[in-house]
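# A look at the structure
What follows is the residue order along each chain.
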Amino acid sequence: MRIATYQYQGHRQVGLVSADGQTVSPFQIEASRTRRGALSLIEAQAAGESLPVTGQAVPLSVVRLEAPLPLQRRNIFCVGRNYHAHAKELSGSVFRNSAAKIDSWPIVFTKVPECVIGPNDEVHLPGEAISAQIDYEAELAVVIGKPGRNLTREDAMSHVFGYTIVNDVTARDVQMRHQQWDLGKSFDTFCPMGPWIVTADELDGTSTRVRCWVNGEPRQDGHTTDLIFDIPTLIETCSRGITLKAGDVIATGTPAGVGMGLTPPQYLKPGDVVRIEIDGLGVLENRFV
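Residues numbered from 1 in each chain as written. Predicted model: local features only at pLDDT ≥ 70, side-chain atom pairs only at ≥ 80, totals over all residues. Heavy atoms only, no water.

### Some words on the pairing of strand β14 (residues 209-214)
With respect to burial, β14 is a largely interior element, five of its six residues being buried. Alignment of β14 against strand β15 (residues 217-223), held across six bridges, turns out to be antiparallel. Residue pairing across strands places C212 opposite Q220, the latter belonging to β15. As consecutive antiparallel partners, β14 and β15 are separated by two residues, and within that stretch N215 has a phi angle of approximately 55°, a positive value. With five bridges joining them, β14 and strand β17 (residues 273-278) adopt antiparallel strand pairing. Of the residues in β17, the one forming a bridge with V210 is I278. (Buried < 20%, exposed > 50% of the residue type's maximum accessible area, 1.4 Å probe, protein only. Helix = DSSP H or I, 4+ residues; strand = E, 2+ residues; numbered from the N terminus. Pairing = 2+ DSSP bridges.)

Listed below in structure tokens is the structure:
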């Protein structure tokens with residue numbers, strides 16, 4: 001299934017996107033439950049409830065897609081340095097002070113939920129007085145469907161509800177300055193998400209392709225089979241002593257090709273368009289203003 005959160009006739013709805021991607025059918029749920037988008041469905045399923053029935057389909061072209069999880073209950077778990085080539089391209093900058101043995105433990109940080117925006121929304125550059133080094137990071141994100149703590153690798157995938165796309169937008173100078181990443185990762189609008197959630201029975205997130213273009217120029221092209229820490233390991237790690245909840249999101253890291261890693265570095269400027277595509281998931285495209 002592809003589950004979308006969207007605006008239609010002035011109301012937020014959660015619906016089922018058709019297999020051909022042409023229409024969306026709203027789930028018949030109370031308006032109060034649509035406030036948090038698809039989270040209400042994920043939590044209901046975790047509680048053993050069945051999916052509600054759907055209503056009359058409308059063309060996807062007449063709705064405005066929002067982030068599938070527009071108002072999460074807590075921060076997004078994010079993983080740094082999780083593709084070998086990306087670890088190499090930033091080894092002398094962002095990862096300079098990190099452990100030399102890159103496969104010892106994942107680097108985990110968070111983004112505040114308030115920075116989440118939709119798949120076609122504008123990302124607001126903060127101005128050079130705050131940061132002149134805004135960068136993109138194309139990432140597959142895992143959506144947890146079943147709560148759990150101290151999960152094992154063997155059991156981890158049974159806790160996955162599905163997947164979505166995240167652009168982990170980053171203020172590189174702020175990230176470097178503080179030597180701790182949350183501030184440089186959590187500016188307003190710095191987490192485009194979408195276009196929807198594809199459920200785990202339809203997409204194998206452990207084997208899919210992640211690509212990114214800036215103004216039509218190919219920048220990133222990676223495969224999740226190349227992750228340093230695979231998805232079961234990330235779930236196991238994030239759940240150590242912390243109860244993962246239904247609707248939690250884990251962004252799995254970005255491939256090589258970020259702006260900071262280019263020679264010379266190429267940071268985002270007003271008018272730039274970043275397009276991210278993940279096979280089996282769809283497209284996330286945002287203009288920077």
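### Focus: the pattern of salt bridges
Throughout the structure, instances matching the rule amount to 19 salt bridges. Here R211 ties to D279 by a salt bridge, and the two come within 3.4 Å at their closest N and O atoms. Of this pair, R211 sits in strand β14 while D279 sits in the loop between β17 and β18 (282-287), placing them 68 residues apart in sequence. Accessibility expressed as a relative area gives 18% for R211, which makes it buried. D279 sits in the partly exposed class, given a relative accessible area of 32%. For R275, the salt bridge identified is with E277, shortest N-O distance 3.7 Å. Taken together, the shared-partner salt bridges connect K111, D135, E137, D168, R172 and K185 into one network. (Salt bridge = Lys/Arg side-chain N within 4 Å of Asp/Glu carboxyl O.)

### Focus: helix α6 (residues 231-238)
Counting buried positions along α6 gives seven out of eight residues, so the element sits mostly inside the fold. Residues of α6 that are buried: I231, P232, T233, L234, I235, T237 and C238. Check the buried side of α6 and you find it contacts β6 (76-80), β7 (107-111), β10 (138-144), α3 (153-156), β11 (160-167) and β16 (249-251). (Contact = heavy atoms within 4.5 Å.)

### A closer look at the nonpolar core
Considering soluble globular proteins, one finds that nonpolar side chains tend to be buried as a cluster. Membership of the largest hydrophobic core comes to 52 residues, with the highest contact counts inside it found for I235 and I250. Those elements giving two or more residues to this core turn out to be β1 (2-8), β6, β10, β11, β13 (191-199), β14, α6 and β17. Residues within four places of I235 in sequence aside, it is in contact with V142, I144, L151, A156, V160, L244 and I250. Counting 27 residues, the second-largest nonpolar core is a separate cluster that includes C115, V143, I197 and A246. (Core = buried A, V, L, I, M, F, W, Y, C linked by side-chain atoms within 4.5 Å.)

### Section: the sheet that holds β17
Ordered in space as β15-β14-β17-β18, the four strands form an open sheet in which the pairing is antiparallel. Both outer strands of the open sheet, β15 and β18, are each paired with one neighbouring strand and no more. Adjacent strand axes in the sheet meet at a mean angle of 15° when their direction is disregarded. Where β17 meets β18, six bridges bridge the pair, whose relative direction is antiparallel. Across the sheet, the residue bridging to V274 is N286, located in β18. (Axes fitted to C-alpha atoms, helices over the stretch in contact; angles between N-to-C directions.)

### Some details on helix α1 (residues 39-46)
What α1 keeps buried is the set L39, S40, L41, I42 and A44. On its buried side, α1 packs onto β1, β2 (11-17), β10, β11 and β13. Positive phi shows up at G48, right after α1, with a value of about 95°.

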